[in-house]
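# Chains, contacts and geometry: an overview
Next come the chains, spelled out residue by residue.
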Amino acid sequence: MTMRRYIFTTLFTFFAIVACMPEQSADKRFDEGVSKELAEWRKATIHNVEYTLLFDLVANRGVAGVGFTLEKPQDIIIDFRRTELVTGVRMFDSNESVEYSLCNEHIVIPESETRAGRQGFSIDFNVDNQSLNRRDEFLYTLLVPDRARTLFPCFDQPDMKAHYRLSLAIPEEWEAVSNTPVTTPEYDAEDWYDLDFGHPLPEGMKIVSFARTEPLSTYLFSFVAGEFEQRTYDDGTHRFTAYYRESDPERLAQLPTIFEQVASSLEWLEEFTGIDYPFAKYDFVILPGFQYGGMEHTGATLYNDTQMFLSENPTPDEELRRIQLIAHETAHMWFGDYVTMAWFDDVWTKEVFANYFAARITEPLFPDINHRLNWLKSYATSSLAEDLTLGTTSIRQPLDNLRNAGLVYGNIIYNKAPIMLEKLVEIMGEEAFRNAVREYLTTYAYGNATWNDLVAIFDKHTKADIASFSRVWVNEKGLPFISFKREGKSLKIVQNDIYERGIVWPQKFDIEVVTSVGRERHTVELYAESIAIELNSEDVVAILPNVCGRGYGFFSLDYDSKSWLVDNLMTIEDESARMSLLLTMHSLYDAGVLDDSWWQYALLNVVKKERNPLILSLAIGYLPATWYVEGGEMVERELLALAETHPVPSARRQLWRALYSVAESESVVSEIYSVWERGDHPLLSVDDYMSMAYELAIRYPERYDYIVEHQRERIADADRRSRFDYIVRGATSDAEALDTLFEELLEPANRRTEPWAQATLALINHPMRGESSVKYIRPALEELQEVQRTGDIFFPRNWVGAALSSHRSEAAYCEVVDFLEDNPDYPQLLKNKILQAAHTLYRVNGCSAWRSAVQSDEDSL
């Protein structure tokens, strides 16, 4: 078949059957989304897939050429969510119209139109703006996990990797970036455009074509187009280009650092894996308002601008977060892109490697950092917070349909999974682990694998029983409840499962026992339900668990140990122990078994005395949740003084951020207002002043117009000003305007820039609005399924978090409970997101399974 025959077309109108046939309705292959049954059937019968794609990004029209090989004639089921946008289907070779039907987000070509061997179809369609993330001056695609079918007709499942050829018709002044380099195709692109769309390329437009890709899953196909600046890095070994819209010279001065961190990440991974970077190029695009921190499209990695271009005087954890983000997305080139999970129940396998290796890549680049602290802050903090909720999940979650794939994402797969992997490496040994990883990558290169495939390779390289380890740590939800029972000099450490499944989490960690004569340290190898160790003294003052920070669980402490920690945490010299014990105390507080006033007292003591910026950052981050304790003005004034005098600069900046987000006392708010109005504080950035404006507009409703106008005037960057204009509407005190704004957010088109929509919804539900915002909870929950259907993977959790996280009242709690009771068949994956977001509501209103477990444990003593 020649390219000329392949691209030749005429305009035509063809009638298609738009309703599912009765036999289709009963067949799960025709369910909405992509069912597992459909995916397995297609994988077994359709081979060697190729896509040739043409998009007119001005007229929003597209042509998808889908080529493949069949062993025998059969029905072809192609995924496309907006089937009403299909305008015709043609044969590749003859260009003749073919019979097709539209059924539940699928284009169905009957067996009678197919044959054994190589063949294909051209599908003409209109392009939906939602899938293009279109703004006035740029657009981009983001197709993970199952969004490729919102952009173009395809086989939208990760194990049907394909080669792509792409051409884009765009305005002449725009740049375009995709997975592969720009190329001159073997056919005339303008001629192809003329033949497919029935008219010549309009004036003021150009066509950009890209080289054929390596085998890629549909969710990794991507393109970006728009008005961008660009800068290229070339160190003689690696060459890549950054595309960006940032205009601030001080932020653009960070590009050399960003380039060096990308190059260092590539070099580390090439050395560890023994495999050179396996794709045609490595470019990246830094986007304002991007939904995630980053997305690992080969050759066109996307990053959020606020994560890459840091504000003036970045804190150490902000700098660490950037390099870990870069290393994470770069690790995906091998783990996720080169070798991809076969189904999205194993999506965590790419995330676990990306985060685990991100931490390791970061270590040599920041040699002065205590990286155990960074590990605990990056992974253990958020993992524990989610694992303690009623909505926790296992790392590996069952998935029947890819339309629900976005809901398996969360802190468990991102942050608990690397904790599990660190324990696995500890069991296997570093060399065996590395050899197993190399075998995994070479065995499944440019292909797909399951977690069980990887476990089988691990088992070949070690005598340890990795399969049994995996069954508990990967396939079961929750974490162990670990308690300590003393009898004389014997200390018994017991782990229990609050879900009463009788499972044991094998692990080891260190504890310290404080006695009247000193401290003694012991390593606990907890590979069974319990273990007893002998102490040197019976006179025990306190038991300090997990002082190494390598254990994972809910560590239950008796009254004496909690009391000692509240008073004496800062007497512990080991930084890792201080950070780990701070996490343990937060878990106790989060479960409702550490008094609020005790917790606030302990945190204030840490803030005053601590000098490590990472521990300080964690403690300051915990402080706002304690603002409901009495004596707020005295605490606020104390923190205001520390915000100006603390010897750690990053702590001063973080204290300012904590204060302007929660301060309520008139004297402190007035001083914050003065700082904002002057706009010249050396530690605060334009983003800080924008956030201060939102908060001050809520506290001073009579000054709303002035605050908005004054802040807007000093925002130079156009994209940043657009963000401010969108979000600040949520800070108005006009009840009618808030109602109207909330109603607007219920429309998918109005929440397309998801981080902005999330921030706006959070302002509508600001804690200072109290009972007046409870009325928004029920409709926000009722919208959640539509948010899942139209939004990206993190948005359902972020949406419900913005709606619920600031509420504490019984009325708000009842709204959530009533909603769940009224919807007993609510999808479990979405219900988990609600329960995660409502954790504080449940805790402060007396519903905590962990508090019950602690009380039961205390009763047994």
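As the structure is a prediction and not an experimental result, all values here were calculated from the model.

## Considerations on the overall build of the protein
Within the protein one finds 34 helices and 27 strands. The C-alpha radius of gyration of the protein comes to 28 Å, within 12% of the 29 Å expected for a compact globule of 861 residues. Dimensions of the protein along its principal axes, counting C-alpha atoms only, are 90 × 70 × 60 Å. For the protein, with 861 residues in total, the buried portion stands at 62%. For the protein, long-range pairs separated by at least 24 residues make up 75% of all intrachain contacts whose partners lie at least 6 apart in sequence. A total of about 31500 Å² of accessible surface is found on the protein, and carbon and sulfur atoms cover 46% of it. Side chains of the protein give 82 positive and 136 negative charges; the mean places of these two sets differ by 2 Å.

## Things to note about the pattern of salt bridges
A full pass over the atoms with the stated rule returns 57 salt bridges. Between Lys350 and Glu351 there is a salt bridge, with the nearest N and O atoms lying 2.6 Å from each other. For Glu351, a relative accessible area of 2% puts it in the buried group. What emerges from the salt-bridge pattern is a single network uniting Glu246, Asp248, Arg251, Asp687, Arg720 and Arg723.

## Some points on the confidence of the model for the protein
Note that predicted coordinates carrying low pLDDT should not be read in detail. For the protein, per-residue confidence averages 94 on the pLDDT scale, and residues scoring 70 or more make up 97% of the total. Every residue in residues 1–15 is under pLDDT 50, and counting partners more than four places away or in other chains gives 39 contacts.

## Focus: the sheet that holds strand S27 (residues 554–555)
Judged by pairing direction, the sheet is mixed, and its 4 strands sit side by side in the order S25-S22-S21-S27 without closing on themselves. Each of the sheet's edge strands pairs with one partner strand only, and the pair in question is strand S25 (530–534) and S27. Here strand S21 (residues 481–487) runs beside strand S22 (residues 490–496); their pairing, made up of 7 bridges, is antiparallel. Note on S22: the bridge partner recorded for Phe481 is Asn496.

## Focus on the nonpolar core
Core analysis: the largest hydrophobic core is formed by 300 residues, its most contacted members being Phe55, Phe152, Phe353, Met420, Phe433 and Leu804. With 10 residues, the single largest contributor to this core is helix H12 (residues 411–428). Residues contacting Leu804, with those up to four places away along its chain left out, are Ile777, Leu781, Val816, Ile834, Ala837, Ala838 and Leu841. Grouped together as the second largest cluster of nonpolar side chains are 11 residues, Val63, Ala189, Phe197 and Met205 included.

## Examining the environment of Leu604
Tracing the backbone shows Leu604 in helix H18 (residues 596–609). In this structure Leu604 comes out as buried when scored by relative accessible area, which is 10%. With 15 residues separating them in the primary sequence, Leu604 and Ala619 have C-alpha atoms 8.2 Å apart. The residues touching Leu604, leaving out its near neighbours within four places in the chain, are Leu623, Val635 and Leu639.

## Brief notes about the packing of aromatic side chains
Each aromatic ring pair is characterised by the separation of its centres together with the angle its planes make. All told, the structure shown has 68 aromatic pairs when counted by the stated rule. Ring geometry for Tyr51 against Phe152: centres 5.6 Å apart, planes inclined by 80 degrees, an arrangement best described as edge-to-face. Note that Tyr51 is positioned in strand S1 (residues 46–56) and Phe152 in the loop between helix H4 (148–151) and strand S9 (162–171), a separation of 101 residues in sequence. When the ring centre of Trp41 is taken as origin, the NZ or CZ atom of Arg29, which lies over that ring, is 4.4 Å away.

## Considering the sheet that holds strand S10 (residues 175–178)
One open sheet holds the 3 strands; their spatial order is S8-S13-S10, and the pairing between them is antiparallel. Pairing within the sheet leaves two strands with one partner each, and these edge strands are strand S8 (138–140) and S10. Neighbour-to-neighbour, the strand axes of this sheet turn through a mean angle of 5 degrees, independent of strand direction. Bridging between S8 and strand S13 (residues 223–226) involves 3 bridges; their strand directions are antiparallel. Paired with Leu139 across the bridge in S13 is Ala225.

## A closer look at helix H14 (residues 451–460)
Turning to H14, its buried residues are Trp451, Leu454, Val455, Ile457 and Phe458. One face of H14 carries all of its buried residues, which in axial projection span an arc of 160 degrees.

Basis of the calculations
Residues numbered from 1 in each chain as written. Predicted model: local features only at pLDDT ≥ 70, side-chain atom pairs only at ≥ 80, totals over all residues. Heavy atoms only, no water. Helix = DSSP H or I, 4+ residues; strand = E, 2+ residues; numbered from the N terminus. Rg over C-alpha atoms; globule rule 2.2 N^0.38 Å. Buried < 20%, exposed > 50% of the residue type's maximum accessible area, 1.4 Å probe, protein only. Contact = heavy atoms within 4.5 Å. Areas by Shrake-Rupley, 256 points an atom, 1.4 Å probe, with all protein chains shown as cover. Lys, Arg positive; Asp, Glu negative; His and termini not counted. Charge placed at Lys NZ, Arg CZ, Asp CG, Glu CD. Salt bridge = Lys/Arg side-chain N within 4 Å of Asp/Glu carboxyl O. pLDDT = per-residue confidence, 0-100. Pairing = 2+ DSSP bridges. Core = buried A, V, L, I, M, F, W, Y, C linked by side-chain atoms within 4.5 Å. Phe/Tyr/Trp six-rings, centres within 6.5 Å; stacked < 30°, edge-to-face > 60°. Lys NZ or Arg CZ within 6 Å of the ring centre and 35° of its normal. Axes fitted to C-alpha atoms, helices over the stretch in contact; angles between N-to-C directions. Arc of directions from axis to C-beta.

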